[in-house]
Every structure is written in structure tokens, then in C-alpha cells.
Amino acid sequence: MDITFKKAETLKEHPEDSTLGFGTVFTDYMFNMDYNPEEGWHNPRIEPYGPMAMDPSSMVLHYGQAIFEGLKAYKTDSGDIQLFRPEDNLKRLNGSGQMLCMPELDESFVLDALKQLLKIEKDWVPSAAGTSLYIRPAIIATDPYIGLRSSNTYRLFIILSPVGAYYPEGFDPVKIWVTTDHVRAVRGGVGQAKTAGNYAASLYATKLANEEGYTQVMWLDGVELKYVEEVGSMNIFFVIGDELITPELNRSILSGVTRDSVIKLAKSWNVKVVERKISIDEIYEAHATGQLKEIFGSGTAAIISPVGQIKYNGKEITIGNGAVGPLAARLFKDMMDIQYGKVKDSFNWITAI
Ligand code: COI
């Protein structure tokens, strides 16, 4: 399939790298492709970024049949552009699509399309330390129909956004509120899919956490409200004694690409990494005995986000001395060094553009 290109009449001004936050600035072009049962995925095109005309009855607007991904392109010191583990994101996009009854994508075709888009938009990749070009592929259900079933037609789009830090705190430790009234996902639900509804479901508890002065919510399992699942929109890690522990993938936790990278990096340093169920009570006990050394989240947007305090059942504890722990700091640095091409990529995670 050939990808068509429509040139923009005017190009936007680029913001200063130093002003970049997260997710508010979008580049000049986007990639679009449509699906219907007769033609399959068709009409791949790179065209100016802009509003999409949609029927108000489009199924995505009513029943949330929508999935997405988040990955980043980085500029190296020599000015080259590179992607971090894009194949894994596209594979997960297809996995989410399967759970949401969407048609499969040809992952290598979409990766080629993304590379073409990035070649056109390469000047939008910022170069200041800690900045990158966030890539948001998404698939939405487009049938104009308000009965409940899965859609027959879909739109895939990829938009690009130059970004700085995800949290206003940057790499400073965040305060986390453990909710016992709300859950993110339940057993047998769609927690492992990167689907819009999971994020919508997280908003109310996050609002309550914010009102209490906490940045993010720690989610417990949806069955017993006992075992830790995720934090905010990130996977979560605990350093207890000399082990790095993260909740095992149980189909309600998102299988994070950064989570997997943390596990592989830490193992390569001979850190003992354990994927298992971990209860909130165990975390408080480990804190009481002085064994809880660090907590941090991992995700594409935030990379590594250290946790300074958590509050559960009215009791707040401070992790370490509330400062960034040594393992979180090392992971953050080494991950960024690979992403920005400052060190050899011995894991084969980098795709050059
Ligand atoms: C990411 O980390 O890339 C995500 O998709 C989370 C989103 C809430 C920004």
C-alpha cells in the first residue's frame, strides 16, 4: 500500500524546548488510515494535523471502543532521531485491539508509516535534556450507529507532540494516595488493554487524591482490595531489602514497555527482580521494619517517577527519606542514556529513523 502525502499550506511555529510540558503542542502532520470489512485497512495517508469530521453517532463517542499507545522519538547528540522499542508498542496495540474486537493491523506497515511521518516531522523532535517527541497512535470505532455491538469501521491515526516532563514535579518524588473505595480494573475486565475507558475510570479517584494533596492514586486489585496493581497511569516497583518487586501481570495490569525495560535493565545489573502479588499490608510492614527502601512508577510518559510518600487508611509513610532512591536514579539515567543514544544499546531496543 502506498502512503499518500498532502502538504500543509502553512507550518506552525515551534515552541522553545524550555517551555515544553506534556501533551499540549502538536506537530504539522498526522498519519491516518481507515478500515472497513470490504477493503480492510486502506487509504493510508500523511496529511496536515487538524480536526477530524465525525458523525455524532460514531460508536467511539458512545461506547468508548477506542485504544491507544504512547511511545517516544528521541534526538541524539549527533542530531539523529531514534525510537525506543516501537515494535513492542505496536504489538501491544494489536493486543488491545483484540480485546476491544478491533481488526488487526500490519505492525511492520504501521512502523514504516510512522518512520515516514517522523522523517517529515524530524525538526519537531526537541533536543533539550529530558525532552522528546511523544507519539500517540490510536484506533477509534467510526460506525454511525448507536446500538451496542462492535463497529465495522475504524480509523487509525498517529499524532505527534513535543514534550518535556509528564509530572510538574519532574523527577522529584510524588505523593501517592492509596484508594480503598475505587478500582481501576477488575478480574476478567479490560485492565490489560490500553483502552480509553480504563483511563476515564481513573479520573474520579485521581480527583479525590488531588483534593487530599496527592498527585496520583495507587490502585489495589478489584477483587480483594488488597494487592497493589498500578500507580496512576504507570506500573509500580518496590525495593524491599535487596529485591526489586513488581506486581505480576495478571490481566488487569497493563504490560508496560517501560516496566519490561526496568526489569531487563535491573536484571542485567544482577539485581534480584521478583514479579509477584504484593499486598499493601506487606508494604506497610516492610516500612515498619525498615526494609522498604524505594517505590517508583514506570511508564512511557513519565519514564521513572519516584514516590516520596504514600497514604493508606489515613496513615502516611515516607519512603526512604522522601528523596529519590539510588535504584530509581540509576534506572532513570541508564534508560535515558539508551533512549538518547548516549550508550551502546545492548538490548536491541533502538530503531533508527
Ligand atoms: C504513557 O505513559 O505513555 C501513557 O500512555 C499514559 C498516559 C496517561 C500519558
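The structure presented is a predicted model; accordingly, all values stated were derived computationally and were not measured.

S.K.: Tell me what's going on with the pattern of salt bridges, and back it up with residues and numbers.
M.R.: Per the counting criterion, the structure on display carries 16 salt bridges. The partner of Arg85 in a salt bridge is Asp88, and the shortest N-O contact between them spans 3.2 Å. With a relative accessible area of 29%, Asp88 lands in the partly exposed category. One salt bridge connects Lys175 with Glu316, and the closest N-O pair in it is separated by 3.8 Å. Of this pair, Lys175 sits in strand β9 (residues 174-178) while Glu316 is found in strand β17 (residues 315-318), placing the two residues 141 residues apart along the sequence. Given the relative accessible area of 29%, Lys175 is considered partly exposed. Here the salt bridges do not stand alone but share partners, grouping Asp34, Arg45, Glu47 and Arg155 into one network.

S.K.: A description of the domain arrangement of the protein should follow, citing residues and the corresponding values.
M.R.: The extent of an interface is frequently quoted as the accessible surface area lost upon association of the parts. Domain parsing of the protein yields domain 1 (4-165) and domain 2 (174-339). Taking the mean C-alpha position of each, domain 1 and domain 2 sit 27 Å from one another. The partner domain 2 presents 21 residues to the 20 residues of domain 1 that form the contact. Summed over both sides, the interface between domain 1 and domain 2 buries roughly 1,800 Å², with carbon and sulfur atoms accounting for 60% of that surface. Taken together, domain 1 and domain 2 are joined by 1 salt bridge. Of the charged contacts in the structure, one is a salt bridge between Asp260 and Arg85, with a shortest N-O distance of 2.7 Å. Viewed at the interface, domain 2 and domain 1 are joined by 14 residue pairs in polar contact (both at pLDDT 80 or more). When contributions to the side of domain 1 that touches domain 2 are tallied by element, the ones reaching two or more residues are β4 (66-68), β5 (71-75), β6 (81-84) and α2 (86-99).

S.K.: Got a sec to walk through the pairing of β5? Specific residues and values, please.
M.R.: Along β5, 5 of the 5 residues are buried, which leaves the element largely enclosed by surrounding structure. What you see with β5 is no split at all: Leu71, Ala73 and Lys75 on one side and Lys72 and Tyr74 on the other are buried throughout. Pairing between β5 and β6: 3 bridges, direction antiparallel. Bridging from a neighbouring strand, Lys75 pairs with Ile81 of β6. Between β5 and β6, which pair antiparallel in sequence order, lie 5 residues; one of them, Gly79, sits at a positive phi of approximately 90°.

S.K.: Explain the packing of aromatic side chains residue by residue, including any values.
M.R.: All told, the structure shown has 13 aromatic pairs when counted by the stated rule. For the pair Phe237 and Phe296, a centre-to-centre distance of 5.3 Å together with 15° between the ring planes defines the contact as stacked. Here Phe296 lies in strand β15 (residues 292-299) and Phe237 lies in strand β12 (residues 235-240), a separation of 59 residues in the sequence. Assigned by exposure class, Phe237 and Phe296 land together as buried. Measuring from centroid to centroid gives 4.2 Å for Phe347 and Trp349, while their planes differ by 10°, and the two rings are stacked. Residue classification places Phe347 among the partly exposed residues on the basis of a relative accessible area of 24%. A relative accessible area of 5% means that Trp349 is categorised as buried. Positioned over the ring face of Tyr227 is Lys277, at 4.6 Å from the centre of the ring. The residue whose ring lies beneath Arg330 is Trp269, and the NZ or CZ to ring-centre distance is 3.7 Å.

S.K.: Tell me about helix α7 (residues 280-288), and name the residues and values.
M.R.: Of all the positions in α7, only Ile280, Ile283, Tyr284 and Ala286 are classed as buried. Buried residues along α7 cover an arc of 160° about the axis, so they all sit on one side. For α7, the exposed residues lying more than 90 degrees away from the buried face are Glu285 and Ala288. Among the residues trailing α7, Gly290 stands out with phi positive, at a value near 80°.

S.K.: Residues and numbers for the packing of helix α6 (residues 257-268) against helix α8 (residues 326-339), please.
M.R.: Contact pair α6 / α8: the axes reach a minimum separation of 11 Å and the direction vectors enclose 105°. Put simply, α6 runs roughly perpendicular to α8. Contact residues: α6 offers Thr258, Ser261, Val262, Leu265 and Ala266, while α8 offers Leu331, Asp334, Met335 and Ile338. Of the residues in the contact of α6 with α8, the class split is 6 nonpolar, 2 polar and 1 charged.

S.K.: I'd like a description of the site of the ligand, backed by residues and values.
M.R.: Every residue near the ligand is listed here: Phe68, Gly70, Tyr134, Arg136, Tyr166, Lys194, Ser233, Thr300 and Ala301. The contact in question runs from an oxygen atom of the ligand to an N or O atom on the backbone of Thr300, over 3.4 Å. Ala301 is positioned with one of its backbone polar atoms (N or O) 2.9 Å from an oxygen atom of the ligand. A total of 290 Å² of accessible area belongs to the ligand in isolation, and the protein chains cover 89% of it. Three or more residues apiece are contributed to the shell around the ligand by two domains, here domain 1 (4-165) and domain 2 (174-339).

Calculation criteria
Residues numbered from 1 in each chain as written. Predicted model: local features only at pLDDT ≥ 70, side-chain atom pairs only at ≥ 80, totals over all residues. Heavy atoms only, no water. Salt bridge = Lys/Arg side-chain N within 4 Å of Asp/Glu carboxyl O. Buried < 20%, exposed > 50% of the residue type's maximum accessible area, 1.4 Å probe, protein only. Helix = DSSP H or I, 4+ residues; strand = E, 2+ residues; numbered from the N terminus. Domains from an automatic or database assignment. Contact = heavy atoms within 4.5 Å. Buried area = accessible area lost by both parts, 1.4 Å probe. Polar contact = N/O pair within 3.5 Å; in protein donor to acceptor, adjacent residues only side chain to side chain. Pairing = 2+ DSSP bridges. Phe/Tyr/Trp six-rings, centres within 6.5 Å; stacked < 30°, edge-to-face > 60°. Lys NZ or Arg CZ within 6 Å of the ring centre and 35° of its normal. Arc of directions from axis to C-beta. Axes fitted to C-alpha atoms, helices over the stretch in contact; angles between N-to-C directions. Parallel < 35°, antiparallel > 145°, perpendicular 65-115°, else oblique. Nonpolar A, V, L, I, M, F, W, Y, C, P; charged D, E, K, R; others polar. Near = heavy atom within 4 Å. Areas by Shrake-Rupley, 256 points an atom, 1.4 Å probe, with all protein chains shown as cover.

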